[in-house]
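Here are the chains, one letter per residue:
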Amino acid sequence: MRRFWGWVTALAALCAGAPALAQDTLTVMSLNIRYPNPGDGANVWEKRRDLTIATIRVAAPDLIGTQELYQRQGDDIVRALPHYGWFGTDRYGGHSDEHMGIFYRRDRLKMVEHGQFWLSETPEKPGSMSWGIDLPRLVNWAVFETRDGRRFRFYDTHFPHRDQDEAAREQAARLLAARIAEAPKDQPVILTGDFNTVDSSAAHRALTEGLADAWLAQVNRQGPSFTFHDFTGRGDRRIDWILTRGFAVAEVATVATHRGAVFPSDHYPVVARVRFDR
């Protein structure tokens, strides 16, 4: 419990005043929320739901890119935090499976348009797969507008997860990078996701040809250097990233909150405060 409140205090300090931030500043969270697996013991969704919501409430992000989100989890969050809206389709184009759910503060941001595409050789085909992966993978995206009229693009994704999928992750990264490159150059970009690979990978190199990794920026950085911990609090891989274009990163944190053996997820959330470059 002491460690939990220590991290809440640190996160509160990092994100203090977030609801009153200047219009040129955004707080962004990437969160693989872990699907509601009934076999998760002390960390089934019903036992960690309040902690997940408390972690979001303290961070007060303007945007959250989630992975593995089921519709009932998204609805639980907006029921507790009604100033958020959320949208996104699941891996098959519907709402019965895992979503790349994007949450946004409706009091600070207006969604102008949104869509999705699959990480495959037929990106417009729902549920499509290529490169030998075992589950459909997709990207949800939106164009948002701030209250003072600044527009930016937000992408959220979840790359293939198996060890043998490293080549597929590179293909997915190249497809995603190409889609981002096709977007209007005057619109800044934020990309969140669970990329299931590390920052020395070909997938990371493909994405950071045009985007910057917030964690690697020379900024105030707090928390562990890993994100996946499998509900143990221990790990060695930073596979959850926030990448940007057209933003300066002011602060970034890996948020290691927990209550005893209960964690918000089997991944630590990543939170960054970013500022429009112009």
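Below: a short report on this structure. Keep in mind it's a predicted model, so treat the numbers as computed, not measured.

This next bit is on the overall build of the protein. Within the protein one finds five helices and 13 strands. Projecting the C-alpha coordinates of the protein onto the three principal axes gives extents of approximately 50 × 45 × 35 Å. Counting the 278 residues in the protein, one finds 59% classified as buried. Across the protein, every contact between residues at least 6 apart in sequence was considered, and the portion connecting residues at least 24 apart equals 73%. Accessible surface for the protein amounts to roughly 11,100 Å². Of this, 49% is attributable to carbon and sulfur atoms. In the protein, which carries 35 positive and 35 negative side-chain charges, the distance between the mean positions of the two groups comes to 5 Å.

Quick look at the pairing of strand E7 (residues 151-158) now. Strand residues, when the strand is regular, have side chains that alternate between the two faces of the sheet. Of all eight residues in E7, seven are buried, a share of seventy percent or more. Relative to E7, strand E6 (residues 138-146) runs antiparallel, the two sharing seven bridges. From the neighbouring strand, Val143 faces E7, where its bridge partner is Arg153. Here E6 folds back onto E7, and the loop between the two strands holds four residues, one of which, Gly149, carries a positive phi near 90 degrees.

The next subject is unusual backbone geometry. Note on backbone geometry: most residues besides glycine have negative phi, and most peptide bonds are trans. Look at Arg34: it is not a glycine, yet its phi comes out positive at around 65 degrees. Mapping Arg34 onto the fold places it in the loop between strand E1 (25-32) and helix H2 (45-59). Located in the positive-phi region is Asp230, a residue other than glycine, with phi close to 55 degrees. Position of Asp230 relative to the elements: it lies in the loop between strand E10 (220-222) and strand E11 (240-245).

What follows deals with the packing of H2 against helix H3 (residues 71-80). Interhelical geometry of H2 versus H3 gives an angle of 50 degrees and a closest axis separation of 10 Å. By the criterion of interaxial angle, the relationship of H2 to H3 is oblique. When the axes of H2 and H3 are compared, the crossing they make is right-handed. Here H2 contributes Trp45, Glu46, Arg48, Arg49, Ile53, Ile56 and Arg57 to the contact with H3, which in turn contributes Arg72, Gln73, Asp76, Ile77 and Ala80. The class makeup of the residues in the contact of H2 with H3 is five nonpolar, one polar and six charged.

Tracing the chain through its elements places Thr146 in strand E6. Classification of Thr146 as buried rests on a relative accessible area of 5%. Polar side-chain contacts of Thr146 include one of 2.4 Å to the side chain of Asp148.

Moving on to the pairing of strand E12 (residues 247-254). Among the eight residues that make up E12, six are buried, leaving the element largely enclosed by the rest of the structure. The pairing of E10 with E12 spans three bridges and is parallel. Paired with Gln222 across the strands is Ala253, a residue of E12. Two strands pair when backbone bridges link them, and E12 and strand E13 (residues 270-276) are joined in this way by seven bridges, in the antiparallel orientation. Of the residues in E13, the one forming a bridge with Ala248 is Arg275.

The next thing to look at is the sheet that holds E6. Sheet strands line up and pair through hydrogen bonds in the backbone, either parallel or antiparallel. Across the sheet, which stays open at both edges, the six strands sit in the order E5-E6-E7-E8-E11-E9 with mixed pairing between neighbours. Each having just a single partner strand, strand E5 (109-118) and strand E9 (212-213) make up the two edges of the open sheet. For E9 and E11, the ladder comprises two bridges, and the chain directions are antiparallel. Bridge pairing links Ala212 to Thr244 in E11. Docked against the sheet, helix H4 (residues 166-182) engages E5, E6, E7, strand E8 (189-194) and E11, running at close to 170 degrees with respect to E7.

Before going further, it helps to spend a moment on the pattern of salt bridges. Counting across every chain of the model gives 20 salt bridges. Among the salt bridges present, the one from Asp76 reaches Arg79, with a minimum N-O distance of 2.9 Å. Taken together, the positions of Asp76 and Arg79, both in helix H3 and three residues apart, correspond to about one turn of that helix. Members of the salt-bridge network, linked through shared partners, are Arg34, Asp40 and Asp266.

This part is about H4. A rise of 1.5 Å per residue sets the reference length of H4, with its 17 residues, at 24 Å; its end C-alpha atoms lie 25 Å apart and thus fit the reference within 8%. Looking only at H4, the buried set comprises Ala168, Arg169, Ala172, Ala173, Leu175, Leu176 and Ile180. End-on view of H4: buried residues confined to an arc of 165 degrees, all on one side of the axis. Exposed positions of H4 whose direction lies more than 90 degrees from the buried face are Ala167 and Glu182.

Rules behind the numbers
- Residues numbered from 1 in each chain as written.
- Predicted model: local features only at pLDDT ≥ 70, side-chain atom pairs only at ≥ 80, totals over all residues.
- Heavy atoms only, no water.
- Helix = DSSP H or I, 4+ residues; strand = E, 2+ residues; numbered from the N terminus.
- Buried < 20%, exposed > 50% of the residue type's maximum accessible area, 1.4 Å probe, protein only.
- Contact = heavy atoms within 4.5 Å.
- Areas by Shrake-Rupley, 256 points an atom, 1.4 Å probe, with all protein chains shown as cover.
- Lys, Arg positive; Asp, Glu negative; His and termini not counted.
- Charge placed at Lys NZ, Arg CZ, Asp CG, Glu CD.
- Pairing = 2+ DSSP bridges.
- Axes fitted to C-alpha atoms, helices over the stretch in contact; angles between N-to-C directions.
- Parallel < 35°, antiparallel > 145°, perpendicular 65-115°, else oblique.
- Left-handed = near helix turned anticlockwise from the far one by under 90°.
- Nonpolar A, V, L, I, M, F, W, Y, C, P; charged D, E, K, R; others polar.
- Polar contact = N/O pair within 3.5 Å; in protein donor to acceptor, adjacent residues only side chain to side chain.
- Salt bridge = Lys/Arg side-chain N within 4 Å of Asp/Glu carboxyl O.
- Expected span 1.5 Å × (residues − 1).
- Arc of directions from axis to C-beta.

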